[in-house]
Amino acid sequence: MDALLRHADAHPTQVFLFALLLVAGVGYVDYATGYEVAFSLFYVLPIALVAWFGGRWAGLALACISAAMWLVADQAAGNRHSHPLIPVWNTGIRLAFFIIITALLAALRNAMRREQALARTDPLTGAVNARCFYELAEREMERAARYGRPFTLAYLDLDHFKGVNDRFGHAAGDEALRAVAQHLAANVRRTDAVARLGGDEFGILLPETDPDHAQAVLSKLREAVNAAMREHGWPITVSIGALTCAAPPASTDALVKLADDLMYEVKRDGRDAVRYAVFAG
C-alpha cells in the first residue's frame, strides 16, 4: 500500500488523467441510466482521488469538470425544468459540494504530510532525525547487499561546542547547530542524507560513494563548516569518522558504532580531522 501511495504521489498528472477518464465514464453511465437515478457519489470518488494525490487546485479543476459533466448528462438524458435557471442553480450546488470535498481532503492530506515531515525531521536544524537516518542507513545497507555498490557513513562531532554555550549562551549554540546543518546540506548531493543524531553530533549518509570520493567530499565539507564557524567567531571545529562499506555490516547499530569509533579516534588524536576506514565484511 505504501508503494502504491508513493507511486501516485510521484505521478499526479497520471492520477489526474485517470480520474478524468473516470469522470467521463461516470458521465456516460449517468446519461445512459437517465436523470432519475442519482450518481453523485460516483463523481465524488475521482474528485477525492485527485484532491488527495494532486492537491487542491487539481481537485478544484476536476470538481468544475465533474459539475459540468453532471449538467451535460442530466440535460442529454432529457431532464426538463420549469425554469431555465434551475439547472444553473443545481449545478452551482453540486459544484459547491465538490469544492467542499476537495478543500477538506486537500487540507487533511497537507496536515498528514506536515506530521510525517515533523516525525522525520529534527525541529531545531531541519536535518533528518536519528530515527529517519537509521531507516535510510538500513535501506542503503540492503541495497548494497543486493547490488554490491559501496556507500559511506560519516559520524561528525562538533569540537568545543560546549564552550559556545558557556561563552555566548544557548541561543548562540542553537544558531551554531543550525548553521552546521545548513552547510552540511549545502555541500552534499541531493541523494545524500544529513542528520542530527543528538546534541552536537551529526551523521551523513553517502550512497554509492567509494573511499576516494568520500575523502574529497568530507574534506571539503569539514573546511566549509570550519570556515563558517570562524566567520561567526565560534571556536568550533569538526571531528569526523568515515566508514566506507564494500559490504554492509551485520546491523545499522554496528554500522553507526564503527563510524562513531573512528570519530572518537580523531578526538583522542587532537580533533579537527577526518579518519577514514573501509569495511569489507
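Look up a bit, the structure's there.
Keep in mind that this is a model prediction, so the values were computed, not measured.

1. Points about the pattern of salt bridges
Moving on, step 1. Taken as a whole and judged by the stated rule, the model has 14 salt bridges.
Moving on, step 2. Measuring nitrogen to oxygen at the nearest pair gives 3.0 Å for the salt bridge that ties Glu-135 to Arg-120. Residue Glu-135 is located in helix α6 (residues 130–147), and its partner Arg-120 is located in helix α5 (residues 86–120); the two are separated by 15 residues in the primary sequence.
Moving on, step 3. Under the relative-accessibility criterion, Glu-135 is labelled partly exposed at 30%.
Moving on, step 4. For the salt bridge of Asp-269 with Arg-275, the shortest nitrogen-to-oxygen distance reads 2.6 Å.
Moving on, step 5. In the salt-bridge network here, residues are joined through shared partners; they are Glu-140, Arg-143, Arg-149 and Glu-208.

2. Digging into the nonpolar core
Moving on, step 1. In this structure, Leu-156, Leu-184 and Ile-204 are the most contacted members of the largest nonpolar core, which totals 30 residues.
Moving on, step 2. At the level of secondary structure, the elements contributing two or more residues to this core comprise β1 (151–159), α7 (161–168), α8 (170–186), β3 (201–206), α9 (211–232) and β4 (237–245).
Moving on, step 3. The contact partners of Ile-204, leaving out residues within four places of it in the chain, are Phe-133, Thr-152, Leu-153, Ala-154, Leu-156, Leu-184, Val-188, Ala-193, Val-194, Leu-218 and Leu-221.
Moving on, step 4. Core analysis: the second largest hydrophobic core is formed by 20 residues, Tyr-155, Leu-197, Leu-243 and Met-263 among them.

3. A look at a nonpolar patch on the surface
Moving on, step 1. A cluster of nonpolar residues, Tyr-28, Val-29 and Tyr-31, forms a patch on the protein surface that exposes about 320 Å² of accessible area.
Moving on, step 2. Within the secondary structure, Tyr-31 sits in helix α2 (residues 12–33).
Moving on, step 3. For Tyr-31, a relative accessible area of 41% puts it in the partly exposed group.

4. Quick look at the side chain of Asp-157
Moving on, step 1. Of note, Asp-157 is situated in strand β1.
Moving on, step 2. Among the polar contacts made by the side chain of Asp-157, one reaches the side chain of Lys-267 at a distance of 2.3 Å.

5. Describing the environment of Gly-198
Moving on, step 1. Secondary-structure assignment places Gly-198 in strand β2 (residues 193–198).
Moving on, step 2. Residue classification places Gly-198 among the partly exposed positions, given a relative accessible area of 32%.
Moving on, step 3. Spatially, the C-alpha atoms of Gly-198 and Asn-129 are 8.2 Å apart, while their sequence positions differ by 69 residues.

6. Observations concerning the packing of α7 against α8
Moving on, step 1. At their nearest, the axes of α7 and α8 sit 6 Å apart, and the two run at 140° to each other. Relative to α8, the element α7 lies oblique. Contacts between α7 and α8 involve Phe-161, Val-164, Asn-165 and Phe-168 on the former and, on the latter, His-170, Ala-172, Gly-173, Ala-176 and Leu-177.
Moving on, step 2. Across the contact of α7 with α8, the residue classes tally to six nonpolar, three polar and no charged.

7. What to know about the environment of Pro-249
Moving on, step 1. Inspection of the secondary structure puts Pro-249 in the loop between β4 and α10 (252–268).
Moving on, step 2. Judged by relative accessible area, Pro-249 falls into the buried class, the value being 8%.
Moving on, step 3. Through-space distance from the C-alpha of Pro-249 to that of Gly-281 is 6.4 Å; in sequence the pair is 32 residues apart.
Moving on, step 4. If sequence neighbours within four positions are ignored, Pro-249 has contacts with Met-141, Ala-254, Leu-255, Leu-258 and Phe-279.

How each quantity is defined
- Sequence order as written defines residue numbering, which begins from 1 separately in each chain.
- Predicted model: local features are reported for residues with pLDDT of at least 70 only, side-chain atom pairs are reported and counted for 80 or more only, and whole-chain, interface and lining totals are derived from all residues.
- To obtain the side-chain values, all non-hydrogen atoms of the structure were included, while hydrogens and water were left out.
- For this document, the term salt bridge refers to a Lys or Arg side-chain nitrogen within 4 Å of an Asp or Glu carboxyl oxygen.
- Elements are defined by DSSP. Helices are runs of H or I of four residues or more, strands are runs of E of two residues or more, and each kind is numbered from the N terminus.
- Each residue gets one of three labels from its accessible area relative to the maximum for its type: buried under 20%, exposed over 50%, partly exposed in between, using a 1.4 Å probe on protein chains only.
- The criterion is simple. A nonpolar core is a set of buried Ala, Val, Leu, Ile, Met, Phe, Trp, Tyr and Cys residues joined through side-chain atoms within 4.5 Å.
- The contact definition used throughout considers only heavy atoms, calling two residues in contact when any of these lie within 4.5 Å.
- Only residues above 30% relative accessible area that lack a salt bridge enter a patch, with like-charged residues linked at up to 9 Å and the nonpolar side chains Val, Leu, Ile, Met, Phe, Trp and Tyr linked at up to 5 Å.
- Accessibility throughout is a Shrake-Rupley quantity obtained with a 1.4 Å probe, and a residue counts as covered only by protein chains that appear here.
- Distance and chemistry together define a polar contact, namely a pair of N or O atoms within 3.5 Å, with one atom able to donate a hydrogen and the other to accept it when in protein, and with adjacent residues in sequence counting only for side-chain atoms on both sides.
- Only the stretch in contact is used when a helix axis is fitted, and all axes are lines through C-alpha atoms; the angle between N-to-C directions ranges over 0 to 180 degrees.
- Convention used here: angles under 35 degrees read as roughly parallel, angles over 145 as roughly antiparallel, angles from 65 to 115 as roughly perpendicular, and any remaining angle as oblique.
- Gly counts as polar in this scheme, as do all residues outside two lists: the nonpolar Ala, Val, Leu, Ile, Met, Phe, Trp, Tyr, Cys and Pro, and the charged Asp, Glu, Lys and Arg.

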